Amino acid sequence: MTNNVLQDRYDVVVVGGGAAGLNGALMLARSRRSVTVIDDGDPRNAPAAGVHGLLGHDGVPPAELLAKGREEVQRYGGHVAAGAVTTIVREADGFRVDVADFRSIRARRVLIATGVVDELPAVTGLRERWGRDVVHCPYCHGWEVRDRAIGVLAVGPLSVHQAQMFRQLSDDVVYFTHMTPPLPPEQAEELAARGIRVVEGTVTDLEITDDAITGVRLADGKIVPRAAIAVGSYVAPRTGLLDALGLSAVEHPSGMGRYVPSEGGRTDVPGVWVAGNVTDMMAQVGPSAAAGAMAGAQINGDLIAEETARAVEARRSGQEPAPAADPVSAQV
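Worth saying up front: this structure is predicted, and the values here are computed from it rather than measured.

Would you mind going over the overall build of the chain in detail, with residue names and values included?
Along its length, the chain carries seven helices and 19 strands. Seen through its principal axes, the chain has C-alpha atoms that stretch 80 × 35 × 35 Å. Counting across all 332 residues of the chain, residues that qualify as buried make up 46%. Partitioning the intrachain contacts of the chain with sequence separation of at least 6 by distance along the chain shows that 59% fall at a separation of at least 24.

Any details on the environment of Gly 286? Residues and values, ideally.
Its place among the elements puts Gly 286 in helix H7 (residues 285–316). Between the C-alpha atoms of Gly 286 and Val 173, which are 113 residues apart in sequence, the distance is 29 Å.

Break down the sheet that holds strand E13 (residues 213–218) for me, citing the residues and quoting the values.
Pairing is antiparallel across the open sheet formed by three strands, whose spatial order is E12-E13-E14. The open sheet has two edge strands with one neighbour each: strand E12 (203–208) and strand E14 (223–225). Each adjacent strand pair in this sheet contributes to an overall mean axis angle of 25°, direction not counted. Here E13 pairs with E14 via three bridges, running antiparallel. Across the sheet, Arg 217 pairs through a bridge with Ile 223, a residue of E14.

Before we move on, could you go through the UniProt feature "domain: FAD/NAD(P)-binding" (unreviewed entry) in the chain and cite the residues and values that matter?
Here, the residues flagged by UniProt with the feature "domain: FAD/NAD(P)-binding" (unreviewed entry) are residues 10–294. A helix fraction of 22% and a strand fraction of 29% characterise residues 10–294, whose end C-alpha atoms lie 19 Å from each other.

Please give an account of the pattern of salt bridges that cites residues and values.
Scanning all chains against the criterion turns up 21 salt bridges. With a closest N to O distance of 2.7 Å, Arg 44 and Asp 118 form a salt bridge. In this pair, Arg 44 sits in the loop between strand E2 (35–39) and helix H2 (62–75) while Asp 118 sits in strand E7 (residues 116–119), placing the two residues 74 residues apart along the sequence. Using a relative accessible area of 5% as the deciding quantity, one classes Asp 118 as buried. Note that Asp 172 is salt-bridged to Arg 226, the shortest N-O span being 3.0 Å. One end of the pair, Asp 172, is in the loop between helix H5 (159–167) and strand E10 (173–176); the other, Arg 226, is in the loop between E14 and strand E15 (228–231), with 54 residues separating them in the sequence. The partly exposed category is assigned to Asp 172, whose relative accessible area is 35%. Overlapping salt bridges, with partners in common, bring together Asp 11, Arg 33, Arg 108, Arg 109, Arg 266, Asp 302, Glu 306, Glu 307 and Arg 310 in one network.

Please give an account of the confidence of the model for the chain that cites residues and values.
Of all residues in the chain, 95% attain a pLDDT of 70 or more, and the chain-wide mean is 93. pLDDT under 50 marks residues 327–332. Its contacts with residues more than four places away, or in other chains, come to twelve contacts.

Please give an account of the environment of Leu 66 that cites residues and values.
Following the sequence through the fold, Leu 66 ends up in helix H2. For Leu 66, a relative accessible area of 13% translates into the label buried. Between the alpha carbons of Leu 66 and Gly 18 there is a distance of 6.6 Å; along the sequence they are 48 residues apart. Excluding anything up to four places from it in sequence, Leu 66 contacts Gly 17, Gly 18, Ala 19, Leu 22 and Pro 43.

How would you summarise the sheet that holds strand E8 (residues 134–135) if you had to cite specific residues and measurements?
The five strands lie next to each other as E8-E15-E9-E10-E11, forming an open sheet whose pairing is parallel. Two strands bound the open sheet, and with one partner strand each, they are E8 and strand E11 (197–199). Judged from the four bridges that link them, strand E9 (residues 150–153) and E10 form a sheet pairing that is parallel. Paired with Val 152 across the two strands is Tyr 175, which belongs to E10.

Let's hear about the nonpolar core: which residues, and what values?
The biggest cluster of nonpolar side chains holds 24 residues, and the ones touching the most others in it are Val 13, Val 85, Ile 88, Val 110 and Val 272. Of the residues forming this core, the biggest block, four residues, is contributed by strand E6 (residues 105–112). If sequence neighbours within four positions are ignored, Ile 88 has contacts with Val 15, Phe 95, Arg 96, Val 110, Ile 112, Leu 241, Ala 244 and Leu 245. The next biggest cluster of nonpolar side chains, apart from the first, holds 20 residues, and it includes Val 14, Leu 22, Val 73 and Ala 275.

So, how was this worked out
- All chains use their own residue numbering, which begins from 1 and follows the written sequence.
- Residue-level local features of this predicted model are given only where pLDDT is at least 70; pairs of side-chain atoms are given and counted only at 80 or more, and the full residue set underlies all totals for whole chains, interfaces and linings.
- Remark: hydrogens and water are excluded; side-chain values derive from all non-hydrogen atoms of the structure.
- Segments assigned H or I by DSSP are reported as helices when at least four residues long, segments assigned E as strands when at least two residues long, and all are numbered from the N terminus.
- Each residue is assigned to one of three classes by its accessible area relative to the maximum for its type, calculated with a 1.4 Å probe on protein chains only: buried under 20%, partly exposed between the two thresholds, exposed over 50%.
- It only takes one pair of heavy atoms within 4.5 Å for two residues to be counted as in contact.
- Each pair of strands is called paired provided DSSP finds at least two bridges between the two strands.
- Here the axes come from fitting lines to C-alpha atoms, over the contacting stretch only for helices, and the angles between their N-to-C directions go from 0 to 180 degrees.
- UniProt positions are given in the numbering used here, feature names are shortened, and annotations may be inferred rather than shown by experiment.
- Take a side-chain nitrogen of Lys or Arg and a carboxyl oxygen of Asp or Glu: if they are within 4 Å of each other, that pair is a salt bridge.
- The pLDDT value expresses, per residue, how confident the predictor is, ranging between 0 and 100.
- We define the nonpolar core as a collection of buried residues of types Ala, Val, Leu, Ile, Met, Phe, Trp, Tyr and Cys that are connected through side-chain atoms lying within 4.5 Å of one another.

The following block contains the structure:
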């Protein structure tokens, strides 16, 4: 459930309503901060049937988990609105956040939890089966493809490690070199020692029968029977909004994608925090939610420091102190 009636001003605007954004908003709302979450309804894990490895919620459908999170934020007076943020601009007293089909709203702080996009190799069938029998993470989806004939599509140096991880889950793993350079002798020996067969040649497409993968087709026409594919994606953060603020994503040392560096969610731009995959590309739902909670707490602390400094200044000048909580923030 979302509430698209937005106020003119908030303590914090959270951009992105996934696990990180919602948990950040939850912490802020419980701290009696006025907060709204603006979400465009396009979560990274939407294709997956369930969230895995999250204690107490293992197997819950992603949409169900997020719906419960939205309800919890709203329970404490936080707002959740469906919409797309188009621009964030710094102003003298904070930020102007432009939302498509809405008026602009103001925020003292912003939390960016927009997530990432998984860019896949140009192999027909990968995107269509993504999150079902085309997977990337052994901890997120490995149990679901256990004991199947798994193919690992090489996309870079970390693909060998990925093959070893999925070998833990199945005795039948094939490593497709695809368009990567020849394996170093040491890595080739490691794969051979674990019984992982190496198939050279460019992969063109997946063979799909009755809504399931049945094989991998090579450029020479050969088909290698497989029932599941593991492939590493290139992780591209959804950070176009940050350009106007002078904050950009950088290449991760692993070569797996780009991310926004931060310290506990705090970026180099004052007043702007990040949480979730946008700053930690390998974080699953649990760590993303925890990072959102930490960012929310840090933002609240930052606001307290600002308010305390203003109160001290007002006291010294003989003015009346500001109320302990903004009336809007106190509505629950």
